[in-house]
Amino acid sequence: MALSGQHSTTPIQADIAATAIDSSLKPPLRKAEPDDELRGLIINLVKDIKECEVASLSSRIRIGLHLHQFRDGTELDDWSVTLASDLLPFKPRVVQDMARIGSNPALTNPGNAHGLPEAMRTLYHLAAVPPVVLNGMIARGEITKHTTRAFALSLARQYAKAKVVPPPVNCPPAQA
């Protein structure tokens, strides 16, 4: 029972009150136009954020390159044991995806980081595209930060079909 002037709260109500969002952190209800000084600060902030995004993407791709090199330097059984161990900081599927990304020189080229999408699944599909083709597409602006997963998947499928070995042609046996 609550004393006069005091309110009784349940543990759930106390948790809700403790995690309530500070009203100063809520976005403004209407679009605000910053003054020139604030606009300059915001532009610098955006520049810093974009640099961090490129650095983050480059780090994830570099991790993929390390995983790819490790995979190529180990026996298949050792790679399987590595994936099954709890030693890596990622789940096995993520490790395999990152290693595939790290296997494509066009994706691991630091000079291309500015033109790559950030979604790992999109990069995973782009890894199936031959590096020379991918380098050209990045240089021409056909692959950008805005490249969608669907587009990357269609490219991957296109190049997967191109790798299909045609059926053997009936040729006369080689003469000795």
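Relevant structure appears above.
Residues numbered from 1 in each chain as written. Predicted model: local features only at pLDDT ≥ 70, side-chain atom pairs only at ≥ 80, totals over all residues. Heavy atoms only, no water.

### A word on the overall build of the chain
So, point 1. Tallying secondary structure elements over the chain gives eight helices and zero strands in all.
So, point 2. In the chain, buried positions account for 23% of the 176 residues.
So, point 3. In the chain, of all internal contacts separated by at least 6 residues, the share reaching a separation of at least 24 is 66%. (Helix = DSSP H or I, 4+ residues; strand = E, 2+ residues; numbered from the N terminus. Buried < 20%, exposed > 50% of the residue type's maximum accessible area, 1.4 Å probe, protein only. Contact = heavy atoms within 4.5 Å.)

### Comments concerning helix H4 (residues 92-102)
So, point 1. For H4, the complete set of buried residues consists of Val95, Asp97, Met98, Ala99, Ile101 and Gly102.
So, point 2. Residues of H4 that are buried in the fold lie against helix H2 (36-72), helix H3 (76-84), helix H5 (105-108) and helix H6 (120-126).

### Considerations on the side chain of threonine 122
So, point 1. The residue threonine 122 is located in helix H6 in this model.
So, point 2. Excluding its chain neighbours within four sequence positions, the residues that come into contact with threonine 122 are Pro117, Thr147, Thr148, Arg149 and Ala152.

### Some details on the environment of isoleucine 138
So, point 1. Here isoleucine 138 lies in helix H7 (residues 131-139).
So, point 2. Once the C-alpha coordinates of isoleucine 138 and leucine 116 are considered, the two residues, 22 residues apart in sequence, prove to be 7.6 Å apart.
So, point 3. If near-sequence neighbours (up to four positions away) are discounted, isoleucine 138 is found in contact with Ala106, Asn112, Leu116 and Ile143.

### Quick notes on the pattern of salt bridges
So, point 1. One pass over the structure, following the stated rule, counts six salt bridges.
So, point 2. A salt bridge links arginine 71 to aspartate 72; the shortest N-O distance between them is 3.9 Å.
So, point 3. With relative accessibility at 26%, the residue arginine 71 sits in the partly exposed group.
So, point 4. A salt bridge links aspartate 97 to arginine 93; the nearest nitrogen and oxygen atoms lie 3.1 Å apart. One end of the pair is aspartate 97 and the other is arginine 93, both in helix H4 and four residues apart, which spans about a single turn.
So, point 5. Assessed through its relative accessible area of 13%, aspartate 97 is described here as buried.
So, point 6. Connected via shared salt-bridge partners are Arg93, Asp97 and Arg121. (Salt bridge = Lys/Arg side-chain N within 4 Å of Asp/Glu carboxyl O.)

### What to know about the packing of aromatic side chains
So, point 1. Under the definition given, this model contains one aromatic pair.
So, point 2. Measuring from ring centre to ring centre gives 6.2 Å for phenylalanine 70 and tryptophan 79, while their planes differ by 50°; the resulting arrangement is tilted.
So, point 3. Assessed through its relative accessible area of 41%, phenylalanine 70 is described here as partly exposed.
So, point 4. The cationic tip of arginine 121 hangs over the ring face of tyrosine 124; the distance from NZ or CZ to the ring centre is 4.1 Å. (Phe/Tyr/Trp six-rings, centres within 6.5 Å; stacked < 30°, edge-to-face > 60°. Lys NZ or Arg CZ within 6 Å of the ring centre and 35° of its normal.)

### Comments concerning the nonpolar core
So, point 1. Among the nonpolar cores identified, the biggest contains 18 residues, and Leu107, Leu116, Leu123, Leu126, Leu134, Ile143 and Leu155 are the most heavily contacted of them.
So, point 2. Breaking this core down by element, the ones donating at least two residues are H2, H5, H6, H7 and helix H8 (149-162).
So, point 3. The contacts of leucine 116, once residues within four sequence positions are left out, are Leu57, Ile61, Leu107, Leu123, Ile138, Ile143, Thr144 and Lys145.
So, point 4. With six residues, the next largest nonpolar core counts Leu67, Trp79, Leu83 and Met98 among its residues. (Core = buried A, V, L, I, M, F, W, Y, C linked by side-chain atoms within 4.5 Å.)

None of the figures reported here should be taken as evidence of function without further support.
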